[in-house]
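# Overview (structure and organization)
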Amino acid sequence: MMGAEEYGFGTIAMIAEGCVMARVCHLNTCPVGVTSQKEELRKKFPGTPEHVVNFFQFVAEEVRQLMAHLGYTKFEDIIGRADLLKESEEQIARVAKSKGVDVAPFFSGIPNTKDDRAWLRAPEEEGAGLKDDVIHANGFSSDLDREVSDSPDFKTVIAENEGEATADFDIKNTDRSTCAMISGDIARAHGNSGFKGKINVNFQGSAGQSFGAFILPGLSVRLSGEANDYVGKGMHGGELIVVPDADAGFVAADSSIVGNACLYGATGGDFHANGRAGERFAVRNSGTYAVVEGAGDHCCEYMTGGVVVVLGSVGRNVGAGMTGGVGYFYDPQDGLEERLNKEIVKMHRVTSIAGQAQLKHMVERHYELTGSERAEDILNNWEDEVGNFFQVYPPSEKANPVVKGADILEEPLRVSASAPSGELCFLPVGGELSPDQTTRCAD
């Protein structure tokens, strides 16, 4: 109501669905289950979609009444109307800190838009209409996603829920949220875990934001090139692989290949990037198993599950707010400790049998999928290099076999989020595969 062209709602929408502002979001102890991974707390979540809808209906009604009091019927007529704003002496006097403050100078340089409203209209090259009427002047950003979803082979595999299909596409940085639509097609037909087929989607080029967002089990997405921010946002399963272009002239392990906030809120699947990631890698990750060759600041921030392996250097504030999951960091220079946020997490060298086995399998898998030179060098000298890894974990993982350092493995070792049961094969020396393991571990 202050003349803004855009506005947003944040915390108030959370409160509408039950948030009580306990301010313990990062501790995994939310008393109403809004930001907790603990099932006993999540059961206390009181919110429903109708609560949020009801709140915004009241907001809309109040705005309508305020606009009617001012004599206006639509937002377009009050956008930019600084002349309608008046200083409230009562509100200024109400708070001691604001007494004597003169807000008039803040609005003194704003042009008078009461009579000339031409600036609300789009320019000639964009259609010369009201801005609200000029939609997608540059075309839909998801044309590529429509092309992927319209593939006849993919449609057949989804409809029959069996078989395998592969297709190749070029991609550019204006193609955003690529593969979200085909994930939606799969989810509508089979839910988030019922798809039995296999779809391989290969891309070449530079991907826009949110590449591979929301992908599901059964999807294998591979990009040769580079990607922007939010790669793998909300991914629930499948494989997401990013490698440099075959003709790239740089050293992959020393170069950024994906942007910031990759795997934001991801809940499953496997991610491999033959190159470095930006800041906030795996932020709020709660189930994805990921390998990357370096990362910026705030790696594993607010992470609640999954496993992250970093085969290179990282920035500051590692593990801030991390309440679940495990991280492995290659650190031959012993520089990780000064970059670690020690408020919650702890660190030590990888000493447990399970931890070393989990780490080695993930590095091997990374090499198989990406051809990483860094991974190859580490594997070729594994007995020495394993001592250069640190394991980072929060208190909730202290009983995890990969952390606690048991002499023998009492349970199957989990090294991937993509296997049907969430577990891949791990056998002691001399052990044999059972028929079930043979089926699961055919790769």
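All values reported here derive from a predicted model rather than from experimental measurement.

### Structural notes on the pattern of salt bridges
One pass over the structure, following the stated rule, counts 14 salt bridges. In this structure, D150 engages K155 in a salt bridge whose closest nitrogen and oxygen atoms are separated by 3.9 Å. A relative accessible area of 45% places K155 in the partly exposed class.

### Regarding the nonpolar core
By size, the foremost hydrophobic cluster in this structure holds 55 residues, and its most contacted members are I199, F203, F211, F271 and F281. Setting aside residues no more than four positions away along its own chain, I199 makes contact with F154, V157, I158, A165, I182, I186, G218, L219 and S220. Y330, L359, V386 and Y393 belong to the second-largest nonpolar core, a separate cluster that totals 22 residues.

### Considering the packing of helix α8 (residues 353-370) against helix α9 (residues 373-380)
Closest axis-to-axis distance for the α8/α9 pair is 9 Å, and the angle between their directions is 135°. The angle between α8 and α9 places the two elements in the oblique class. Classified by chirality, the crossing of α9 by α8 is left-handed. Note on element contacts: α9 touches α8 through A375, E376 and L379, opposite K360, V363, E364, H366 and Y367.

### Some remarks on the sheet that holds strand β4 (residues 239-243)
In spatial order, the strands read β1-β2-β3-β4-β5-β6-β7-β8-β10-β9; together these ten strands make up an open sheet with mixed pairing. The open sheet has two edge strands, β1 (164-171) and β9 (346-349), and neither has a second partner. Within the sheet, the average angular offset between the axes of one strand and its neighbour, ignoring direction, is 15°. Two elements, β9 and strand β10 (residues 389-393), share four bridges in a ladder whose sense is antiparallel. Within β10, the position partnered with K346 by the bridge is Y393. Along the sheet face, α8 touches β3 (219-227), β4, β5 (270-273), β6 (286-292), β7 (304-310), β8 (324-330) and β10 and points at about 60° away from the line of β5.

Basis of the calculations
Residues numbered from 1 in each chain as written. Predicted model: local features only at pLDDT ≥ 70, side-chain atom pairs only at ≥ 80, totals over all residues. Heavy atoms only, no water. Salt bridge = Lys/Arg side-chain N within 4 Å of Asp/Glu carboxyl O. Buried < 20%, exposed > 50% of the residue type's maximum accessible area, 1.4 Å probe, protein only. Core = buried A, V, L, I, M, F, W, Y, C linked by side-chain atoms within 4.5 Å. Contact = heavy atoms within 4.5 Å. Axes fitted to C-alpha atoms, helices over the stretch in contact; angles between N-to-C directions. Helix = DSSP H or I, 4+ residues; strand = E, 2+ residues; numbered from the N terminus. Parallel < 35°, antiparallel > 145°, perpendicular 65-115°, else oblique. Left-handed = near helix turned anticlockwise from the far one by under 90°. Pairing = 2+ DSSP bridges.

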